[in-house]
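In case you want the letters, here they are:
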Amino acid sequence: MTDSADSPSFRLAYVPGVTPAKWVRTWQERFPGVPLALLQVTPAEAFDALRDGSADAGLVRLPVDRTVFSAIPLYTETTVVVVPKDHLLTAADEVTLDDLADEVVLHPLDDVLGWDRPPGEAAFERPATTADAVELVAANIGVLVVPQSLARLHHRRDLTYRTLADAPRSDVALSWPEEATTDLVEDFIGIVRGRTVNSTRGRAPQQTQPKAADKREPRKQAAGRATGGGNTARGRTGGARTGGAKAAGGKGGAKSGGGSRAGGAKRGTGGKPRRRS
């Protein structure tokens, strides 16, 4: 992993139709001191921007060259067909490729669906861009098949779209040069993957400052000392009690001795000596 400490900002490229707003908001909340610069590029320009360092990472459409770039797929878009509002295809909520068999299907040069030839009839020439193709749809020249985000991006009041059930779909991914996986790239990966603020996956854990020594004794040590003190006290008390018992025994012995002497005195005074005859 390379060091991005000297980067003044994080530069994110994105292709038309992709909306990075929610990830940008999260970035601004987590890294207010690191500006995020957005760079809008065409699909053809996206990987050039990543190669020459104009962008640190990009929200692009698959496929990517895996020998050069890393990529994390984010989501798959629904494919739709853009038609005039009064077109017969608007009678259904969803159509199929077979429904386009008799339609002139425009195939712009910046097509992102990756097919060699769309269904239906081919136009005389290919429009240069998707925006140009939308203008031709509005002029009733043909229909256009695109990811739903591009249909929304080029929305016009006189046009609408319907879901195309069995058409190829476009996958959106986060991509960056494999040899330029910086800390800031890892931070953005964490955001798009939904990691929490405290997650350290992919980043070296930050060194924490050692805590100040606690002057208070640990509970176990204090408890041990308290217990030891109690044993000492009990030992002293027990000794005192033992000594008291001995003292009491001594007194008892004295009393007993006195009782013997008293008993002897009684026997001596109670009996008279016999006279010899």
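All of the points below concern the structure found in this document. Bear in mind that the values here come from a model prediction, so they are computed numbers and not experimental data.

Scoring rules and cut-offs
Residues numbered from 1 in each chain as written. Predicted model: local features only at pLDDT ≥ 70, side-chain atom pairs only at ≥ 80, totals over all residues. Heavy atoms only, no water. Helix = DSSP H or I, 4+ residues; strand = E, 2+ residues; numbered from the N terminus. Contact = heavy atoms within 4.5 Å. Buried < 20%, exposed > 50% of the residue type's maximum accessible area, 1.4 Å probe, protein only. Arc of directions from axis to C-beta. Pairing = 2+ DSSP bridges. Axes fitted to C-alpha atoms, helices over the stretch in contact; angles between N-to-C directions. Phe/Tyr/Trp six-rings, centres within 6.5 Å; stacked < 30°, edge-to-face > 60°. Patch = residues over 30% accessible without salt bridge, like charges linked within 9 Å, V, L, I, M, F, W, Y side chains within 5 Å. Areas by Shrake-Rupley, 256 points an atom, 1.4 Å probe, with all protein chains shown as cover. Salt bridge = Lys/Arg side-chain N within 4 Å of Asp/Glu carboxyl O. Lys, Arg positive; Asp, Glu negative; His and termini not counted. Charge placed at Lys NZ, Arg CZ, Asp CG, Glu CD. Parallel < 35°, antiparallel > 145°, perpendicular 65-115°, else oblique. Left-handed = near helix turned anticlockwise from the far one by under 90°.

### Overview of the environment of Gly-58
- Along the chain, the position of Gly-58 falls in strand S3 (residues 57–61).
- Once the C-alpha coordinates of Gly-58 and Val-15 are considered, the two residues, 43 residues apart in sequence, prove to be 8.1 Å apart.
- Discounting residues that sit within four places of it in the chain, Gly-58 has contacts with Leu-12, Ala-13, Leu-50, Ala-173, Leu-174 and Ser-175.

### Examining helix H2 (residues 43–51)
- Listed in full, the buried residues belonging to H2 are Ala-46, Phe-47, Ala-49 and Leu-50. The buried residues of H2 all sit within an arc of 155° when viewed along its axis, so they share a single face.
- On the buried face of H2, the contacting elements are strand S2 (36–40), S3, strand S4 (69–76) and strand S11 (171–177).
- One or two residues past the end of H2 sits Gly-53, with phi positive at roughly 85°.

### Observations concerning the sheet that holds S2
- Taken in spatial order, the five strands line up as S2-S1-S3-S11-S4 in an open sheet, and their pairing is mixed. The outermost strands of the open sheet, each flanked by one partner alone, are S2 and S4. With direction set aside, neighbouring strand axes in the sheet form an average angle of 20°.
- In this structure, strand S1 (residues 10–14) lies alongside S3, joined through three bridges in parallel fashion.

### Some words on the sheet that holds strand S7 (residues 104–106)
- Taken together, six strands build an open sheet; the order of strands is S6-S10-S5-S9-S7-S8 and the sheet is mixed. Each of the sheet's edge strands pairs with one partner strand only, and the pair in question is strand S6 (94–95) and strand S8 (121–122).
- Pairing geometry for S7 and strand S9 (residues 143–147), over two bridges, is parallel. Considered in S9, the bridge of Val-105 is made with Val-143.
- Sheet strands touched by helix H3 (residues 130–138): strand S5 (79–84), S7, S9 and strand S10 (159–164). Its angle to S9, the strand with the most contacts, is close to 140°.

### Remarks on the side chain of Ser-70
- Assignment of secondary structure puts Ser-70 in strand S4.
- Not counting residues up to four positions away in its chain, the partners in contact with Ser-70 are Leu-174, Ser-175, Trp-176 and Glu-178.

### So, H3
- Of the residues making up H3, those classed as buried are Thr-130, Ala-133, Val-134 and Val-137. Along the axis of H3, the buried positions cluster into a sector of 105°, meaning they face one direction only.
- Where H3 is buried, its residues contact S5, S7, S9 and S10.
- Following H3 by one or two positions, Asn-140 adopts a phi angle in the positive range, close to 60°.

### Brief notes about the packing of aromatic side chains
- What the rule picks out here adds up to five aromatic pairs.
- Arranged with centres 5.0 Å apart and planes meeting at 20°, the rings of Phe-10 and Trp-27 form a pair that is stacked. Here Phe-10, found in strand S1, pairs with Trp-27, found in helix H1 (residues 21–30); they are 17 residues apart in sequence, far enough to count as distant.
- Note on Phe-10: relative accessible area 0%, which makes it buried.
- Given the relative accessible area of 0%, Trp-27 is considered buried.

### Details of the environment of Val-134
- Inspection of the secondary structure puts Val-134 in helix H3.
- Sequence separation of Val-134 and His-154 is 20 residues, and the distance between their C-alpha atoms is 7.2 Å.
- Contacts of Val-134, omitting those with residues within four sequence positions, involve Leu-144, His-154, Arg-156 and Leu-159.

### Brief notes about a negative patch on the surface
- The grouping of Asp-93, Glu-94, Asp-98, Asp-99 and Asp-166 at the surface amounts to a negative patch.
- Among the structural elements, Asp-93 can be located in the loop between S5 and S6.

### So, the packing of H1 against helix H5 (residues 183–192)
- Contact geometry for H1 and H5: axes closest at 10 Å, N-to-C directions at 120°. In terms of orientation, H1 lies oblique with respect to H5. H1 and H5 meet at a crossing whose hand is right-handed. On H5, the residues touching Trp-23, Thr-26, Trp-27 and Arg-30 of H1 are Leu-184, Asp-187, Phe-188, Ile-191 and Val-192.

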